[in-house]
Amino acid sequence: MTQTLDWALRVDLLAAATAVAVLAAFATLTLWSGVAAAERGAALRRRISAGVALAIGAMSTHFILMSGQPLPGSPAYDGLALIAAFALAAFGALLCQTLLTTRASPMRWLGAAGVLAAALCGASVLALHALAVEPHIGWRPAALAVALAVGVAGIGAAFWLWSGPRFGARLHRATPAALLLGLTLAALDVAVIDATILPAGSLIAAGQGGTLGGEALTMLALLGGPVVLALLLLVALLEDRFSGLLARAREELQRATYTDPLTRLPNRLMFEDRLKRSAQRADRSDQRLALLFINLDGLKGVNEHYGQHVGDALLRHVGQRLGALCSGREMLARAGGDEFLLLIDDNPDTEAAAQRACALLAELARPCQIEQREHVVSASIGIAMYPEHGAVSRLIPHAAAALSVAKHQGGATHCFYEAGMLSGKRDEMDMLRDLRLAIERGELELFYQPKIHAPSGEITGVEALMRWHHAQRGTVSPEVFIPIAERYGLIHAIGNWLVDDACRQIRAWRNQGLRMRVAINLSVHQLHQPDLAARIGAALQRNRLDAQVLTCEITETLATDDSHDAHGVIDELAALGVHLSIDDFGTGYSNLGRLRALPAEELKIDRGLVLDLATSSDAHAIVDAVVKLAHALGLKVVAEGVETETQQRLLRDLGCHELQGYLFAKPMSARALAQWAMKQEGPRAIDFRASLFGETRAVELI
Ligand code: C2E
Ligand code: MG
Ligand code: MG
């Protein structure tokens, strides 16, 4: 015959036990919440504290519940067994948390709940075994299984409530979960106590060595437990608050590091970070990226005219406009100054990238209103594609190289990167550096190419063509260095040198008795030099030369472009008395009205037309028309690039006045020219001497 303990569920004790259990559950979940974000040491401390909190909760609940039981005598407990029970609960909590922190899945919740429920059941069983009764307590396995099931279900549900898809810092979820966990703790302990069998005639073996008084434990559970739990909870909450502030400060710092303060767009640092990640993803999925380097044309002018604040407002506006055009898969950043970067990572092809660039350019071309004033900015875009245009680290420099080509094409356009753009740029910079020193180092020289009177074969003058003798590069063509000089503002210095040197040479020849007319080439930029005519006049005067000895060649497009403000300078040159010649005629679309109004007296047929003359009926027809036009306008016609006798004959028959080309002579140094003329050398035997020394043209030399 067995007698079971007649468990009296005293509501007041049950409420107290449940309250302590809920407090313990809340402290535990709070401590667990911060583990993921904490550093290693702090995380371990939190996990251990959580284990201790849960063990305190479990033991306190147990002793509070046990204190109401009608035991045979004053209860006492085996100290060691209690320590084991405490350790088991704490260890179970530790293990459970380890299972929870890894990626969440229902199986893991259940596993974690099972571990914790088993540990708590075990702790209760141990605590009951610690009860010093003779003979020992027995168990009803079915009731124990129910206790375990209640534990697993309750704890599992609490975890589900708390966790969401990931376990971590979600403190607000802890409140309902802690309530459920606390209730489960209490219920589990009630169920375990209920599963015990106390044999008939059991006696409390009080007062033995190593036993603890039940009343003292009850007091400890009722007072000490909640105090320690409250302390643990308080420390955890304070720590969370502090680390929350710290995290926010860190976040703020991070935002400042990665955001452009003016436009609030991501900055270059963040862009590069994203670019790297996108490239890795593109590599894995065998996809492409497009990087657009956008640069505004004319922001400098806005800053200078309207002030920095207007420029800033314009940049903000542009940032917003571009941002509004970007989709979620694109990243727009401000790289600094007037530069923006756009990353397209939805596997675009070149056509899609080009379309994107066109859309952005069209959007930017719309006028915008800033401070009641309308502003129009355009932009240039350089595009580099990944992976075909280079490694990810080279993508921004490559897009920048393409951008600078787009700018040189006049801006308001886009350009794709091509191999060699970057080295071309580097080479250009090297050349610019050397070109700056070329004049003072005496590396520039004028070569001269004769012009021949077509019917008589007499020499009528020469064209001065510039050469740059570079120590490493050899002789550099003007077609290479003149555009660089124009682009970087060196053309004025070089042009001034040209005028001085040509006049000096004419004087030197004159002193030798050679009457030589010299034609010089003027670049577009030189015609914007307001003092050009004055400079030429001064050089002529210095060398005691009449303006008539000098011819200025201006390209057709420049000469006949009505909108050009260079015409004031052209008129001044004409007033000075120098001859004007229209170079490279036949390549542009001339404004004939303007051509008539120009004070020019010579047309030079482009050498491209001369080249095709014998083979193309079109070229023949154009040259014929040009010669007739020139005759009608009273202009002299010169054909350049004459290389063959056929060309010479055709041009003479068509009515060209003068010819210039390799057939007669290549451009040569002043010295070589004088010798060549004196020796009467050349592919054809022409008596240059007579034309040079005789008065074949009415040229007045002072
Ligand atoms: P351009 O004024 O049309 O000069 C004629 C070019 O044709 C020269 O090239 C000359 O060497 C070349 N040429 C002459 N005869 C023949 C021929 O029979 N066959 C072929 N294939 N070519 C011939 P170069 O000296 O290389 O000059 C190129 C251009 O550079 C010139 O074209 C001119 O626009 C510019 N340039 C040259 N010197 C100066 C200068 O001092 N100042 C400025 N602003 N431009 C210059
Ligand atoms: Mg020329
Ligand atoms: Mg020419």
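Just so it is clear, the model here is predicted, and its values are computed rather than measured.

Caption draft 1: Structural context of the overall build of the protein. The helix and strand tally for the protein stands at 24 helices and 23 strands. Within the protein, buried positions represent 49% of all 702 residues. Here the contacts in the protein between residues at least 6 apart in sequence split such that 72% fall between residues at least 24 apart. When the accessible surface of the protein is summed, it comes to about 32,400 Å², and 57% of that surface belongs to carbon and sulfur atoms.

Caption draft 2: Quick look at the site of ligand 1. If you check the shell around ligand 1, you find 25 residues, and the closest are Asn521, Asp583, Arg607, Glu643 and Tyr662. The contact in question runs from a nitrogen atom of ligand 1 to an N or O atom on the backbone of methionine 466, over 3.1 Å. Glutamate 643 places a polar side-chain atom, nitrogen or oxygen, 2.5 Å from a nitrogen atom of ligand 1. Computed on the free molecule, ligand 1 has an accessible area of 790 Å², of which 88% lies beneath the protein chains in the complex. Of all the secondary structure elements, the ones that give two or more residues to the shell around ligand 1 are β15 (459-470), α14 (478-487) and β19 (579-585). Looking at side-chain class alone, the shell around ligand 1 contains nine nonpolar, seven polar and nine charged residues.

Caption draft 3: Just the coordination of the magnesium ion (ligand 2), in detail. For the magnesium ion (ligand 2), the full set of protein donor atoms is Glu463 (OE), Asn521 (OD1), Glu553 (OE) and Asp583 (OD), and the range of their distances to it is 2.0 to 2.2 Å. The distance between the magnesium ion (ligand 2) and the magnesium ion (ligand 3) comes to 4.1 Å, with aspartate 583 serving as a donor to both metals. Placement of the pair is glutamate 463 in strand β15 and aspartate 583 in strand β19, with a sequence separation of 120 residues. In this pair, the class of glutamate 463 matches that of aspartate 583, namely buried.

Caption draft 4: Up close: the packing of helix α12 (residues 395-408) against helix α13 (residues 421-438). Contact pair α12 / α13: the axes reach a minimum separation of 9 Å and the direction vectors enclose 65°. With respect to their mutual orientation, α12 and α13 come out roughly perpendicular. In this structure, α12 meets α13 at a crossing whose hand is left-handed. Contacts between α12 and α13 involve Pro397, His398, Ala401, Ala402, Ser404, Val405 and His408 from the former and Met421, Leu422, Lys425 and Glu428 from the latter. The residue inventory of the contact of α12 with α13, partitioned by class, reads six nonpolar, three polar and two charged.

Caption draft 5: Structural context of the coordination of the magnesium ion (ligand 3). On the protein side, the magnesium ion (ligand 3) has Asp583 (OD), Asp584 (OD) and Glu640 (OE) as donor atoms, found 1.9 to 2.5 Å from it. All donors to the magnesium ion (ligand 3) come from one chain, and their sequence spacing reads D-D-x55-E. Given the relative accessible area of 6%, aspartate 583 is considered buried. A relative accessible area of 25% places aspartate 584 in the partly exposed class.

Caption draft 6: Focus on the sheet that holds strand β13 (residues 414-416). Taken in spatial order, the five strands line up as β8-β9-β7-β12-β13 in an open sheet, and their pairing is mixed. Strands at the two margins of the open sheet, each flanked by one partner only, are β8 (330-336) and β13. Neighbouring strand axes in the sheet, compared pairwise and without regard to direction, differ in orientation by 20° on average. As judged from the three bridges shared by strand β12 (residues 378-386) and β13, these two strands associate in the parallel manner. When the sheet's bridge partners are listed, isoleucine 381 is paired in β13 with histidine 414. Seen against the sheet, helix α8 (residues 268-285) touches β7 (289-297), β8, β9 (339-344) and β12 and runs at an angle of roughly 20° to β9.

Caption draft 7: Focus on the packing of aromatic side chains. If you walk through the whole model with that rule in mind, you get four aromatic pairs. Geometrically, the ring pair formed by phenylalanine 63 and tyrosine 77 is edge-to-face, given 5.1 Å between the ring centres and 85° between the ring planes. In this pair, phenylalanine 63 is assigned in helix α2 (residues 40-66) and tyrosine 77 in strand β1 (residues 76-78), connecting sequence segments 14 residues apart. Across the pair, exposure class does not vary: phenylalanine 63 and tyrosine 77 are buried alike. Ring plane angle 80° and centroid distance 5.7 Å describe the contact between tryptophan 468 and phenylalanine 481, whose orientation is recorded as edge-to-face.

Caption draft 8: Structural detail: helix α10 (residues 308-325). Between its terminal C-alpha atoms α10 stretches 26 Å, which fits the 26 Å expected from 18 residues at 1.5 Å a residue. Looking only at α10, the buried set comprises Val310, Gly311, Leu314, Leu315, Val318, Gly319, Arg321 and Leu322.

Caption draft 9: Representation of the confidence of the model for the protein. Averaged over every residue, the pLDDT of the protein is 84; residues scoring 70 or more account for 88%. This stretch, residues 164-170, has a pLDDT under 50; its non-local contacts, to residues over four places away or in other chains, come to 16 contacts.

Caption draft 10: Structural view of the pairing of strand β14 (residues 444-453). With eight of ten residues buried, β14 is to be regarded as a mostly interior element. Taken together, the nine bridges between β14 and β15 define a ladder with antiparallel strand orientation. Bridge pairing in β15 links glutamine 449 to glutamate 463. Linkage of β14 to β15, two consecutive antiparallel strands, is achieved through a turn of five residues, within which glycine 457 is found at a positive phi near 75°. The pairing of β14 with strand β23 (residues 668-669) spans two bridges and is classified as antiparallel. Bridge pairing in β23 places tyrosine 448 opposite methionine 668. Direction of pairing for β14 relative to strand β22 (residues 658-660): antiparallel, over a ladder of two bridges. Paired with histidine 453 across the strands is glutamate 658, a residue of β22.

Criteria and cut-off values
Residues numbered from 1 in each chain as written. Chains lettered and ligands numbered in written order. Predicted model: local features only at pLDDT ≥ 70, side-chain atom pairs only at ≥ 80, totals over all residues. Heavy atoms only, no water. Helix = DSSP H or I, 4+ residues; strand = E, 2+ residues; numbered from the N terminus. Buried < 20%, exposed > 50% of the residue type's maximum accessible area, 1.4 Å probe, protein only. Contact = heavy atoms within 4.5 Å. Areas by Shrake-Rupley, 256 points an atom, 1.4 Å probe, with all protein chains shown as cover. Near = heavy atom within 4 Å. Polar contact = N/O pair within 3.5 Å; in protein donor to acceptor, adjacent residues only side chain to side chain. Nonpolar A, V, L, I, M, F, W, Y, C, P; charged D, E, K, R; others polar. Donors = N, O, S within 2.8 Å, 3.2 Å for Na, K, Ca; no water. Axes fitted to C-alpha atoms, helices over the stretch in contact; angles between N-to-C directions. Parallel < 35°, antiparallel > 145°, perpendicular 65-115°, else oblique. Left-handed = near helix turned anticlockwise from the far one by under 90°. Pairing = 2+ DSSP bridges. Phe/Tyr/Trp six-rings, centres within 6.5 Å; stacked < 30°, edge-to-face > 60°. Expected span 1.5 Å × (residues − 1). pLDDT = per-residue confidence, 0-100.

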